[in-house]
Structures are given as structure tokens and as C-alpha cells.
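# Summary of structural features
Below, each chain spelled out in residue letters.
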Amino acid sequence: MKKQLLASAVALSLASTSAFAESGSGSYKFDDQGEHQFIMFKISHLGYSWLYGRFNEFTGEFNYNAESPEASSVSVSIDTDSVDSNHAERDKHLRSEDFLFVDEFPQATFTSKRIVLDDDNGEAEIIGDLTLRGVTREVTLEAELLGHGDDPWGGYRMGFEAETELRLADFGIPMNLGPASEKVEMIISVEGVRQ
Amino acid sequence: MELRSTHSRYGLAQIAMHWLVAITVFGLFFLGDYMVDLGYYDPWYRSAPHVHKSIGLLLLLLMVVRLVWRWLNPAPAPLASHRQWEVKLAHIAHAVLYLLIFTGLVSGYLISTADGSSIAVFDWFEVPSVTGQVKQLEELAGKVHRWCAWSLVGLAVLHALAAIKHHVVDRDETLRRMLGLSAR
């Protein structure tokens, strides 16, 4: 057991140092067919617990430049009405004018503008414009390349996970959920298939 | 007064159900309109929808009883003084009122049960979901519910104005019949 743990720790550290490696250049499309893609959010409920939800429908693509990863780019487009917090009444409320106002703003988009590498831990900051509920603001995603390589079916895949924190009021979301719930954490975890 | 209706007058049961439904429909409308604007920290934020849903499902039950009772009883004939087009229009209005009440109630039920969960009626009993989880059903049901509620209240106001017109202008028995009063 101990040996196994050690082995996986070594494997993990190897994987993270090999992030942003010299191979894997190309343009990738998110695997929205096989649904190896997730946009999750979490927000505090009253300061007592976490509420998790997700967006079920979105597409995206990225260009990975192995020679200079900071020249890579990514764009994502989300159908806001696909919000899903596992509770129909709440989802209906989230789609309403109090939150996402999906009738008026059916799409949320993110387009990267520049990427800053943090070579020490194999992570990167992806800075770009997020448009949500009709408001466009610059946000920074803390991204990590999780892995890449041939898949068993003749394709080539690369996966990332990125996080950021948004203040609801910054995007014009009027609902007041209380002082503990002014910010929401977004997590995007995706696998791209090289085209 | 007789419980059952006759060909000439409404019985107590139909009169009572008519007014109970009328009060409940308006009560649900105003409660519904009020509850969707409550702040998250309002003490009524959770209880107002609970009461709205509970009363709504009880009203659905009452409406089924009312409809069955209507079929089991003779329909009081229209007043002789009513013109043909008035009778026809009143029948259409009544049919649409029934349709809007049922559609409004069922669509409301479908909002809350669209994720497969049941609705607790005052914690007395639970009404299960019949649809199970259906993606975004709550959106469609919600739009139908809102549309029905406003149409129903609008038509009910017209219905009431028509009754008052018969009472005050025509001075006939239309409203008195539904109040269980004897002919004047």
C-alpha cells in the first residue's frame, strides 16, 4: 500500500513537471460529444455549506502551442439555460432575471487574451474576457494542464482544469443571497480532442 | 337550501364550491405574485411557496370534485331574460375559466415536480411526481403557469363585472342565483 502511494506520488510529480511539455501542439475541440467536460460552480449557502451546480451545455476550443505555451488560446461558449443545481425550482430561479436572465442573455462566453506561465508548479494564468449576463469583464483563470497524449481510439487528447472566482454583483446579478454568498467559484475541467 | 342543484336553481354544494374556488384562485394569485419577489432572508421565503403549493393541490382536488358534481347534477337553465348570444358567450367563458384553472394548477404542479421530487401538502401527505425528471420542464411549465394565472384572473374579473352588470343594470337573478337568494 505504502509503495503504491509512493509510486502514484512520483507519477503525479512527474506529470506536473511535464506539464507544458514540448509536444501536443495543435487545435483542440472540447469533447462535448463524449461529455469529458464540466463547468461547475460552487457558492456558499448562508455561510454554512457549499452549493454545487453546473452548466450542462457548452462548447469550446483551444490552440495549444507547445513551443511557447503562452501563445496558446482558448474560447468557451456556454448555454446559460443549461444551469443545473439538481433542483427544478432553484434552476428556474437561477434562469430568471434575479440571476442569469437567460431569456435576455442565453450565452456566456470566455475568450482568452493572454497567458502567463508559472513554470514552478506547471500552472498558468489565463487572462481573458468573460461575458456573463451581458456584462464583459476581464477575469483570470488559474489553469493547470492535467495531461495529454494518444487516446485508445486513434485520437490525441489534452486536458485542463481551471478555476476562478466571480463576484455576482460584478456581472449585474441583482439577487442578494447574503454576505457569505457574494462570490461564486467557477471550475472548468475539460478534455480537448485534437482536430 | 337543497344540497343538489335543480333545473331552476343552484344547490348549496355548487354555490359553496363556486365561491370557495373564486376566493382561493384570487388568494393563490396574490400569494404567488407576492412570494416570487420575497428576499432570500425573508421569514416567508420558504413558507409562502409551501402554502401556495399546498393550497394549489387542494384546489385541484376540489376542482375535480366540482367537475364530477357538475356532471352528476342537473344544470340550472339560463334565465329566460338572457339573450341567445349572452348564453353562448357565458358558456364559452365558463369553459375557458375551467380550462385555465386546470391548466394553471397542473402547470404549477409540474414546475415543482420537474426534477422528480414530490410536493408536500401542508406536511399532511405528499403528491409524487408523475413526469420524473424532465430537462427544463420547469421552464415551460413556469411560462404556462404565469400565462394561465394572469389570463384566469383577467377573465374572472370580466366574469364578475358581467354578473354585477346583470345585477345592477338588468336587475335579473343571475348573481342572486349564485348567492342562493330567492327570486325578487
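This structure is a prediction, so every number in the text was calculated from the model and none was measured.

### Some remarks on the overall build of chain A
- Counting its secondary structure elements, chain A contains two helices and 11 strands.
- Along chain A, helices and strands appear, N-terminal first, in the series α-β-β-β-β-β-β-α-β-β-β-β-β.
- Burial analysis of chain A (195 residues in total) assigns 43% to the buried set.
- Of the roughly 10,600 Å² of accessible surface on chain A, 52% is carried by carbon and sulfur atoms.

### Notes on the UniProt feature "domain: Cytochrome b561 bacterial/Ni-hydrogenase" (unreviewed entry) in chain B
- UniProt feature "domain: Cytochrome b561 bacterial/Ni-hydrogenase" (unreviewed entry): in the numbering of this structure it lies at residues 9-180 of chain B.
- Note that residues 9-180 of chain B is 70% helix and 3% strand, and that its end C-alpha atoms are spaced 8 Å apart.

### Considerations on the environment of A:His148
All names here are of chain A.
- Tracing the backbone shows histidine 148 in strand 9 (residues 135-150).
- In this structure histidine 148 comes out as partly exposed when scored by relative accessible area, which is 27%.
- The spacing of histidine 148 and tyrosine 48 is 100 residues in sequence and 38 Å in space, taken between C-alpha atoms.
- For histidine 148, the side chain forms a polar contact with the side chain of tyrosine 156, separated by 2.8 Å.

### A few points about the side chain of A:Asp91
- Tracing the chain through its elements places A:Asp91 in helix 2 (residues 88-95).
- Look at A:Asp91: it is buried, it has no salt bridge, and the nearest opposite charge is A:Arg95 at 4.7 Å.
- Aside from chain neighbours lying at most four places away, what touches A:Asp91 is A:Val83, A:Asp84, A:Ser85, A:Asn86, B:Glu138 and B:Glu139.

### Points about the UniProt feature "transmembrane region" (unreviewed entry) in chain B
Residues and elements named next belong to chain B.
- The UniProt record annotates "transmembrane region" (unreviewed entry) at residues 12-31, 51-69, 89-111 and 149-168.
- Regarding residues 12-31, the helix share stands at 100% and the strand share at 0%, and the terminal C-alpha atoms are separated by 28 Å.
- Strand forms 0% of residues 89-111 and helix 100%; the C-alpha atoms that close the span are 32 Å apart.

The rules behind each value
- Residues numbered from 1 in each chain as written.
- Chains lettered and ligands numbered in written order.
- Predicted model: local features only at pLDDT ≥ 70, side-chain atom pairs only at ≥ 80, totals over all residues.
- Heavy atoms only, no water.
- Helix = DSSP H or I, 4+ residues; strand = E, 2+ residues; numbered from the N terminus.
- Buried < 20%, exposed > 50% of the residue type's maximum accessible area, 1.4 Å probe, protein only.
- Areas by Shrake-Rupley, 256 points an atom, 1.4 Å probe, with all protein chains shown as cover.
- UniProt positions renumbered as here; feature names shortened; annotations may be inferred.
- Polar contact = N/O pair within 3.5 Å; in protein donor to acceptor, adjacent residues only side chain to side chain.
- Lys, Arg positive; Asp, Glu negative; His and termini not counted.
- Salt bridge = Lys/Arg side-chain N within 4 Å of Asp/Glu carboxyl O.
- Contact = heavy atoms within 4.5 Å.

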